[in-house]
Amino acid sequence: MDEDMLADQRTLVALIEAEGWDVTDVELSAYDSPWADEDDPEATVTITARKPYESESDGDDNPFKLK
């Protein structure tokens with residue numbers, strides 16, 4: 001895998017974490033583009049992150065919350 005792709009992935013993760021998100025999964029896929037005639041590879045980064053938000057109510061009236 002190209003070191004530039006990995007560096008870009010780390011940069012994206014750092015940006016998301018700087019916004020208060022907890023990154024839980026990262027997937028980097030490198031491939032040759034089927035739409036371009038160039039030999040340069042492309043990459044897709046999929047990032048899964050979570051961020052808890054404070055509830056405006058006490059949460060007891062939420063029908064989806066497990067008790």
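Above this text you will find the structure in question.
Figured I'd write up the structure that's included with this text. Here the residue numbering is sequential within each chain, running from 1 through the sequence in written order. Owing to the predicted nature of the model, reporting of local features is limited to residues with pLDDT of at least 70; listing and counting of side-chain atom pairs is limited to 80 or more, with chain, interface and lining totals taken over all residues. Hydrogens are left out, water is left out, and the side-chain values use all remaining heavy atoms of the structure.

1. Considerations on the overall build of the protein
Strands here mean DSSP runs of E at least two residues long; helices mean DSSP runs of H or I at least four residues long; both are numbered from the N terminus. Of the regular secondary structure elements, the protein holds one helix and two strands. Secondary structure elements of the protein occur, N-terminal to C-terminal, as α-β-β. When a residue's accessible area, from a 1.4 Å probe over protein chains only, is under 20% of the maximum for its type it is buried; when over 50% it is exposed; and in between it is partly exposed. Burial analysis of the protein (67 residues in total) assigns 10% to the buried set. In what follows, a contact means two residues having at least one pair of non-hydrogen atoms within 4.5 Å. Of the contacts formed within the protein by residues at least 6 apart in sequence, a portion of 43% connects residues at least 24 apart. Per element, the accessible surface of the protein, about 5900 Å² overall, is 48% carbon and sulfur. Shrake-Rupley sampling with a 1.4 Å probe provides the accessible areas, and residues are treated as covered by the protein chains on show and by no other component.

2. A closer look at a negative patch on the surface
Each patch is assembled from residues with relative accessible area greater than 30% and no salt bridge, linking like charges that lie within 9 Å and nonpolar side chains (Val, Leu, Ile, Met, Phe, Trp, Tyr) that lie within 5 Å. Any carboxyl oxygen of Asp or Glu within 4 Å of a side-chain nitrogen of Lys or Arg constitutes a salt bridge here. When charges are tallied, Lys and Arg are placed among the positive residues and Asp and Glu among the negative ones, while His and the ends of the chain are skipped. Taken as the charge centre is NZ of Lys, CZ of Arg, CG of Asp or CD of Glu, depending on the residue. Residues D32, D37, E38, D39, D40 and E42 make up a contiguous surface patch of negative charge. Along the polypeptide, D37 turns up in the loop between strand 1 (22–32) and strand 2 (41–50). The class of D37 is exposed, set by a relative accessible area of 82%.

3. Considering the side chain of Q9
Mapped onto the secondary structure, Q9 falls in helix 1 (residues 3–18). Apart from residues lying up to four places away in sequence, Q9 is in contact with V26, L28 and V45.

4. Observations concerning helix 1
Residues spaced three or four apart along an α-helix point in a common direction, a consequence of the helix completing one turn every 3.6 residues. In this model, helix 1 (16 residues) spans 22 Å end to end at C-alpha, consistent with the 22 Å of a helix rising 1.5 Å per residue. Polar contacts, as used here, are pairs of N or O atoms within 3.5 Å; protein pairs need one atom able to donate a hydrogen and one able to accept it. Residues neighboring in sequence count only if both atoms are side-chain atoms. Put simply, D2 is the residue that caps the front of helix 1, since its side-chain oxygen is 2.7 Å from the backbone nitrogen of D4. G20 occupies a position one or two residues after helix 1 and carries a positive phi of about 95°. A helix is expected to span 1.5 Å for every residue after the first.

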